[in-house]
Amino acid sequence: SLFGLPEQAPHERVLLATDPATGLKAILAVHSTARGPAFGGCRLWHYDSELAALNDALRLSQGMSLKNALADLPFGGGKAVILKPEGAFDRPALFAAFGRAVQSLNGAYITAEDVGTTTADMRGMQALTPYVSGIPREGAFGGDPSPKTAWGVFVSIRAGVRLVLGRNSLEGVRVALQGLGAVGWHLAEFLHQAGARLVVADVDAVKVERAVAQFGAVAAHVGEILAADVDVLAPCALGASLNEQTVPAIRAQLIAGAANNQLATPADGDALQRRGICYLPDYLVNAGGIISVAREYRNEGEEQAVMAEVGKIAERVEELLARVQAADSTPARVADDWARSKLVRPA
Ligand code: NAD
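Residues numbered from 1 in each chain as written. Predicted model: local features only at pLDDT ≥ 70, side-chain atom pairs only at ≥ 80, totals over all residues. Heavy atoms only, no water.

Peer 1: Lay out the overall build of the protein chain in plain terms, naming residues and giving numbers.
Peer 2: Broken down by element type, the protein chain carries 12 helices and 12 strands. For a compact globule of 347 residues, the expected C-alpha radius of gyration is about 20 Å, and the protein chain comes in at 19 Å, within 12% of that figure. Within the span of the protein chain, comprising 347 residues, buried residues form 55% of the whole. Counting only carbon and sulfur atoms, one obtains 52% of the accessible surface of the protein chain, whose full area is about 14,700 Å². Measuring between centres, the 32 positive side-chain charges of the protein chain sit 3 Å from its 37 negative side-chain charges. (Helix = DSSP H or I, 4+ residues; strand = E, 2+ residues; numbered from the N terminus. Rg over C-alpha atoms; globule rule 2.2 N^0.38 Å. Buried < 20%, exposed > 50% of the residue type's maximum accessible area, 1.4 Å probe, protein only. Areas by Shrake-Rupley, 256 points an atom, 1.4 Å probe, with all protein chains shown as cover. Lys, Arg positive; Asp, Glu negative; His and termini not counted. Charge placed at Lys NZ, Arg CZ, Asp CG, Glu CD.)

Here's what the structure looks like:
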């Protein structure tokens, strides 16, 4: 049933937007506006099928509801995906058409960048809709959220290493990084500065070579990074990396990364727990970017203050792990219940 896709995720509304002139085919998913307008990035991606794109949009927008709620933001959850046109296409025109689709929702959904989209794409939409964020501004706070996302993942890893591994420093801690993109690269920098030893993989060999040269990282094969002999695993590529095939081979004790929807299914979270591996839920640890674009959108942004707010994700990691112990459950399930209890308009 379309209305039951994915499990437990009734959406308030889903817009299928098309524009034959530019080739736009986009899905704008508003999962919940209970806390405020639905806020979440826009992904430009090549999907194997339209149903796969719909499924991605719905899973991602539900995740944004949980992420924004746990981050105490006055926003609901939404997400958009644009199906990448085949062959060459006029990018500014495509994003202008997408901007018009965002505008047609009259503020129920606010967009920003995600995988495949850039600050320039967001800037291009500004003339068509005010419901867009993540745009660098002269002399004011704003722009690429990835460094803030990376900071949130970094402080989560630091907290997890202390609480799960019982180590007070990242010095010598071995971390495997899957994906050295916008977030993964910044995360590698933070980890390297803190003394961690990196094992890295990316489908882009140039990024791997740079990490080897700059951080003394060890390069791993893309197909082997999840099973690397490390203390911490940080998935920073795409979703569903933690699944039936990969979970049995994971050797890290702690998993914390930027990628959205890392667990293919809730059962994979249970399987990690049975193997004694602590998985810190993606939407808890990767909220730094949405915190940044949300502050920018509300004109409340200031670099130090936003970094401090992102740093508080570490306190939520501590609270989550305390709740997990008390509930005798898994971090993924406890975080879900915790976030869902906050899907109400903030006082
Ligand atoms: P990105 O596209 O800049 O980086 C992704 C990287 O992963 C690329 O370098 C790509 O080559 C690599 N990659 C793809 N498939 C791979 C594979 N199988 N193995 C190894 N590497 C692979 O994207 P990003 O902005 O860094 O985001 C990474 C993840 O974090 C995404 O899932 C995104 O949704 C999520 N996320 C990003 C932000 C943000 O602020 N950018 C915020 C929250 C969540």
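Anyway, onward from the coordinates.
Peer 1: If you had to explain the pairing of strand 5 (residues 76–83) to someone new, which residues and values would you point to?
Peer 2: Of all 8 residues in strand 5, 8 are buried, a share of seventy percent or more. A two-sided burial pattern is seen for strand 5, the buried positions comprising Gly-76, Gly-78, Ala-80 and Ile-82 on one face and Gly-77, Lys-79, Val-81 and Leu-83 on the other. Bridging between strand 2 (residues 24–32) and strand 5 involves 6 bridges; their strand directions are antiparallel. From the neighbouring strand, Ile-27 faces strand 5, where its bridge partner is Val-81. (Pairing = 2+ DSSP bridges.)

Peer 1: Let's hear about the site of the ligand: which residues, and what values?
Peer 2: In the region of the ligand, 24 residues are neighbours, and Thr-149, Val-183, Asp-202, Lys-207 and Ala-237 sit closest. Measuring from an oxygen atom of the ligand, one finds a side-chain N or O atom of Asp-114 at 3.3 Å. Taking Ala-182, its main chain carries an N or O atom lying 2.9 Å from an oxygen atom of the ligand. Relative to its unbound accessible area of 830 Å², the ligand is 81% covered by the protein chains. With respect to the detected pockets, the ligand is housed in the largest pocket. Looking at the shell around the ligand, the elements that each hand over two or more residues are helix 4 (146–164) and helix 5 (182–193). (Near = heavy atom within 4 Å. Polar contact = N/O pair within 3.5 Å; in protein donor to acceptor, adjacent residues only side chain to side chain. 1 Å grid on protein atoms, 1.4 Å probe; cavity = no way out; pocket = protein on both sides within 12 Å on 5 of 7 lines; lining within 4 Å. Sits in = over half its atoms within 2 Å of the grid points.)

Peer 1: Report on the sheet that holds strand 7 (residues 174–178), specifying residues and quantitative values.
Peer 2: Read across the open sheet, the 6 strands follow the order 9-8-7-10-11-12; overall the sheet is parallel. Single-partner strands in this sheet number two, and they are strand 9 (218–219) and strand 12 (278–279). Here 2 bridges tie strand 8 (residues 197–201) to strand 9, and the two strands are oriented parallel to one another. What sits directly across from Val-199, in strand 9, is Val-218.

Peer 1: Residues and numbers for the state of the cysteines, please.
Peer 2: By definition, a disulfide links the sulfur atoms of two cysteine residues through a covalent bond. Scanning the entire structure with this criterion turns up 0 disulfides. Summary of cysteine pairing: Cys-236 is not part of a disulfide, and the nearest cysteine sulfur, belonging to Cys-278, is at 16 Å. Exposure remark for Cys-278: the relative accessible area of 10% places this residue in the buried category. (Disulfide = S-S within 2.5 Å.)

Peer 1: Which residues make up the packing of aromatic side chains, and what are the values?
Peer 2: Applying the stated criterion across every chain yields a total of 8 aromatic pairs. A centroid spacing of 5.8 Å and a plane angle of 45° characterise the contact between Phe-154 and Phe-190, whose relative ring orientation is tilted. With Phe-154 in helix 4 and Phe-190 in helix 5, this pair connects stretches of sequence that are 36 residues apart. Relative accessible area serves as the criterion here: at 4%, Phe-154 is assigned to the buried category. By relative accessible area, Phe-190 is classed as buried at 18%. The rings of Phe-39, Phe-75 and Tyr-297 are connected pair by pair, giving a single aromatic cluster. Over the ring of Trp-185 we find Arg-210; its NZ or CZ atom is 4.1 Å from the centre of that ring. (Phe/Tyr/Trp six-rings, centres within 6.5 Å; stacked < 30°, edge-to-face > 60°. Lys NZ or Arg CZ within 6 Å of the ring centre and 35° of its normal.)

Peer 1: Residues and numbers for the side chain of Ser-292, please.
Peer 2: On the secondary structure map, Ser-292 appears in helix 9 (residues 288–297). The class of Ser-292 is buried, set by a relative accessible area of 2%. In contact with Ser-292, not counting residues within four places along its chain, are Phe-141, Pro-145, Lys-148 and Val-306. (Contact = heavy atoms within 4.5 Å.)

Peer 1: Lay out the pattern of salt bridges with the relevant residues and their values.
Peer 2: A full pass over the atoms with the stated rule returns 17 salt bridges. Taking the shortest distance from any N to any O, the salt bridge between Glu-318 and Arg-162 comes out at 2.7 Å. Here the residue Glu-318 occupies a position in helix 11 (residues 313–327), and Arg-162 occupies one in helix 4, the gap between them amounting to 156 residues. In this structure Glu-318 comes out as partly exposed when scored by relative accessible area, which is 35%. Measuring nitrogen to oxygen at the nearest pair gives 3.1 Å for the salt bridge that ties Asp-231 to Arg-174. With Asp-231 in the loop between strand 9 and strand 10 (232–235) and Arg-174 in strand 7, the pair connects residues that are 57 residues apart, well separated along the chain. Classification of Arg-174 by relative accessible area gives partly exposed; the value is 25%. Connected through salt bridges with shared partners, the residues Arg-43, Asp-56, Lys-79 and Asp-114 form a single ionic network. (Salt bridge = Lys/Arg side-chain N within 4 Å of Asp/Glu carboxyl O.)

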